[in-house]
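Each chain, letter by letter, is given below.
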Amino acid sequence: MLAEIDALEREFVTAIDGSADMAALEEVRISALGRKGRITELLKSLGGMSPDERQNAGAAINGLKQRVGDAVAARREALKSAELDARLASERVDVTLPVRPETEGRIHPVSQVLDELTQIFADMGFTIAEGPDIEDDFHNFTALNIPPEHPARQMHDTFYLPPDAEGNRKVLRTHTSPVQVRTMRTTEPPIRIIVPGRTYRSDSDMTHTPMFHQVEGLVIDRESHMGHLKGVLYDFCKAFFEVEHVKFRFRPSYFPFTEPSAEVDIGCSYEGGQIRIGEGDDWLEILGCGMVNPRVLEMCDVDPSEYQGFAWGMGLDRIAMLKYGPPDLRAFFESDLRWLKHYGFVPMAVPTLAGGLSR
Ligand code: DAH
């Protein structure tokens, strides 16, 4: 009898310690201590024993019942705490992680600068206008007062498309100025637009690529004059370069589509290979501008005796280089991810006038 009890105890304890989860443990418990469990059956068998036998066997079986019950309780505790540990491990939160996971992608400096310009000019009441990359001769040249034999055509290094049946050759627009023409021909003044977009010229070196970006500005109404032009561009320069003062000058120039025309230079200095914008003894040309030539107004069906206005055009990539420092324009368009990681911008940091442009 005692040997049997020992064997039973070993069997149950092994099964209890080996049960992998609560369900398995419960099965073992029922098979030992349940209503029809083997230890319960043993206890029932006490009834058929002689008083002497019953005394010995009773103590032994009750002892077995107690120890197996304890073993079940101990195993239950162990399984419970293992379960909790596993849950804690799987639901662990690394509180040192950034609030938003850092994205891999970066905003290209051209897109960044375009977003910045949009903020600045939208705040002044400008809207964005766009036009086609493939232009006809009229919009790209003639309506801008650049007639067929005009020498300015040579300066543009134009890409021509093959001639159509009538011998007309479309061009890849050499500047964003044709969108001035398209807007004036379809919109009643007052007009206040900026025109960002791709432009094309057959040229390639450190500061020129065959495809590049420009931003055009156009204001047409009854009274806007050169003073307003200067004010708009001065405020733009301060906002864009994020400085309080900018040394700024209008230098007389020539464009067929403006009269008078000027180029704008801003002050700068070079210190330790770094350029500082806004102050210093050097000048940097950043854009061309002027009062829209009355001949252009006429060709765009705008009455020059009633309306006037100003326009400007600048290289978007060029001002991106000035502000953010990439030294070689060609790298802008090489899709080198290492370059983009270095010069690009975090997507969530959208430039705003209220929150800061470049941050
Ligand atoms: N279209 C000129 C260029 O590509 C830039 C320009 C100069 C645009 C003066 C203008 C302007 O609107 O008034 O070089």
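Residues numbered from 1 in each chain as written. Predicted model: local features only at pLDDT ≥ 70, side-chain atom pairs only at ≥ 80, totals over all residues. Heavy atoms only, no water.

**Brief notes about the overall build of the chain**
Rule in force here: Only runs of H or I of at least four residues qualify as helices and only runs of E of at least two qualify as strands under DSSP, and these elements are numbered from the N terminus. In this description the radius of gyration comes from C-alpha coordinates, and the expected globular size is given by 2.2 Å times residues to the power 0.38. Relative accessibility under 20% of the residue-type maximum defines a buried residue, over 50% an exposed one, and the middle range a partly exposed one, all with a 1.4 Å probe and only protein chains included. A contact between two residues is defined here by any heavy atoms of the two lying within 4.5 Å. For accessible areas, the Shrake-Rupley method is used with a probe of radius 1.4 Å. Any residue's cover is judged against the shown protein chains and nothing else.
A count of helices and strands for the chain gives 12 helices and 10 strands. Taking 21 Å as the expected radius of gyration for a compact globule of 359 residues, we find that the chain reaches 42 Å, considerably beyond that expectation. By residue count, 41% of the 359 residues in the chain fall in the buried class. Considering only contacts within the chain whose residues lie at least 6 apart along the sequence, 65% involve residues at least 24 apart. For the chain, the computed accessible surface area is about 19,900 Å², with 53% contributed by carbon and sulfur atoms.

**So, the site of the ligand**
Inclusion rule: For this description, a residue counts as near a given molecule or strand if any of its non-hydrogen atoms is within 4 Å of it. N or O atoms within 3.5 Å of each other form a polar contact, as long as, within protein, one can give a hydrogen and the other can take it, and as long as residues adjacent in sequence are counted only when both atoms are side-chain atoms.
The ligand sits among 15 residues. The nearest are His-175, Gln-180, Arg-201, Gln-214 and Glu-216. For the ligand, a nitrogen atom lies 3.0 Å from a polar atom in the side chain of Ser-177. Contacts to the ligand include Gln-180, whose side-chain N or O atom sits 2.9 Å from an oxygen atom. Here the ligand loses 90% of its free accessible area of 350 Å² to cover by the protein chains. For the shell around the ligand, the secondary-structure elements that each account for two or more residues are strand 5 (211-221), strand 9 (282-292) and strand 10 (308-315).

**With respect to helix 5 (residues 109-123)**
So the rule is basically this: Under the convention used throughout, the expected extent of a helix is 1.5 Å for every residue step, that is, one less than its residue count. Starting at the helix axis, one direction is taken to each C-beta atom, and the arc is that of these directions.
For helix 5, with 15 residues, the first-to-last C-alpha span of 21 Å sits near the 21 Å given by 1.5 Å per residue. Taken together, the buried positions of helix 5 are occupied by Pro-109, Val-110, Gln-112, Val-113, Glu-116, Leu-117, Ile-120 and Phe-121. One side of helix 5 holds all its buried residues, which, seen down the axis, span an arc of 160°. Looking one or two residues beyond helix 5, the residue adopting positive phi is Gly-125, at roughly 95°.

**Quick word on the nonpolar core**
Definition in use: What makes a nonpolar core is a set of buried Ala, Val, Leu, Ile, Met, Phe, Trp, Tyr and Cys residues whose side-chain atoms join them at distances within 4.5 Å.
In this structure, Leu-117, Phe-236, Ile-266 and Trp-312 are the most contacted members of the largest nonpolar core, which totals 45 residues. Contributing elements (two or more residues each) for this core: helix 5, strand 5, helix 9 (226-241), strand 7 (258-271), strand 9, strand 10, helix 11 (316-324) and helix 12 (337-343). For this core, the leading source of residues is helix 9, giving seven residues. Met-184, Phe-257, Val-296 and Leu-297 belong to the second-largest nonpolar core, a separate cluster that totals 24 residues.

**Focus: the packing of aromatic side chains**
As a reminder, the rule being used: The aromatic pairing rule takes the rings of Phe, Tyr and Trp, using the six-membered ring of Trp, and pairs them if the centres are within 6.5 Å, calling planes under 30 degrees apart stacked, those over 60 edge-to-face and the rest tilted. A ring is scored as having a charge over it whenever the NZ atom of a lysine or the CZ atom of an arginine sits within 6 Å of its centre and within 35 degrees of its normal.
Taken as a whole and assessed by the stated rule, the structure comprises 14 aromatic pairs. Taking 4.9 Å as the distance between ring centres and 80° as the angle between the ring planes, the aromatic pair formed by Phe-240 and Phe-241 counts as edge-to-face. Across the pair, Phe-241 and Phe-240 agree in class, each one buried. Arranged with centres 5.2 Å apart and planes meeting at 50°, the rings of Phe-332 and Trp-339 form a pair that is tilted. Here the two residues Phe-332 and Trp-339 agree in accessibility, since each one is buried. Counting every residue linked through ring pairs, the aromatic cluster contains Phe-121, Phe-126, Phe-236, Phe-240, Phe-241, Phe-310 and Trp-312. The positively charged end of Lys-230 is found above the aromatic ring belonging to Phe-250, 5.3 Å away from the centroid. Just above the ring of Phe-240 sits the side chain of Lys-323; from NZ or CZ to the centre is 4.6 Å.

**Side note on the domain arrangement of the chain**
Short version of the rule: For the purposes of this description, domain bounds are those given by an automatic or database domain assignment.
By the assigned domains, the chain splits into domain 1 (2-90) and domain 2 (108-343). When each unit is reduced to the centre of its C-alpha atoms, the spacing between domain 1 and domain 2 is 89 Å.

**Side note on the side chain of Glu-116**
With respect to the element layout, Glu-116 can be found in helix 5. On the basis of relative accessibility, which here comes to 0%, the residue Glu-116 falls in the buried class. Contact partners of Glu-116, with chain neighbours within four places excluded, come to Phe-240, Lys-323, Tyr-324, Pro-351, Leu-357 and Ser-358.

**Examining the pairing of strand 5**
Here is the rule we go by: For two strands to pair, DSSP has to find at least two bridges joining them.
Among the 11 residues that make up strand 5, 11 are buried, leaving the element largely enclosed by the rest of the structure. Neither face of strand 5 is exposed, since Met-211, His-213, Val-215, Gly-217, Val-219 and Asp-221 on one face and Phe-212, Gln-214, Glu-216, Leu-218 and Ile-220 on the opposite face are all buried. As judged from the 10 bridges shared by strand 4 (residues 191-200) and strand 5, these two strands associate in the antiparallel manner. Across the sheet, residue Ile-194 finds its bridge partner in strand 5, namely Gly-217. The pairing of strand 5 with strand 10 spans eight bridges and is classified as antiparallel. Directly across from Gly-217, in strand 10, lies its bridge partner Trp-312.

**What to know about the pattern of salt bridges**
Note the cut-off: When a carboxyl oxygen of Asp or Glu is within 4 Å of a side-chain nitrogen of Lys or Arg, the pair counts as a salt bridge.
Across all of its chains, the model carries 21 salt bridges by this definition. The salt bridge involving Arg-76 is made with Glu-26; its shortest N-O contact spans 3.9 Å. Separated by 50 residues along the polypeptide, Arg-76 in helix 4 (residues 51-90) and Glu-26 in helix 2 (residues 22-33) bring together distant segments of the chain. For Arg-76, a relative accessible area of 31% puts it in the partly exposed group. Each of Arg-249, Arg-251, Glu-263 and Asp-265 takes part in a single network of salt bridges with overlapping partners.

**Re unusual backbone geometry**
Residue Pro-190 is reached from Pro-189 by a cis peptide bond, and omega for that bond is 5°. With respect to the secondary-structure elements, Pro-190 resides in the loop between helix 8 (178-186) and strand 4. Residue Pro-260 is reached from Glu-259 by a cis peptide bond, and omega for that bond is -5°. Relative to the assigned elements, Pro-260 resides in strand 7. Phi is positive for Ser-335, which is not a glycine, with a value near 55°. Secondary-structure assignment places Ser-335 in the loop between helix 11 and helix 12.

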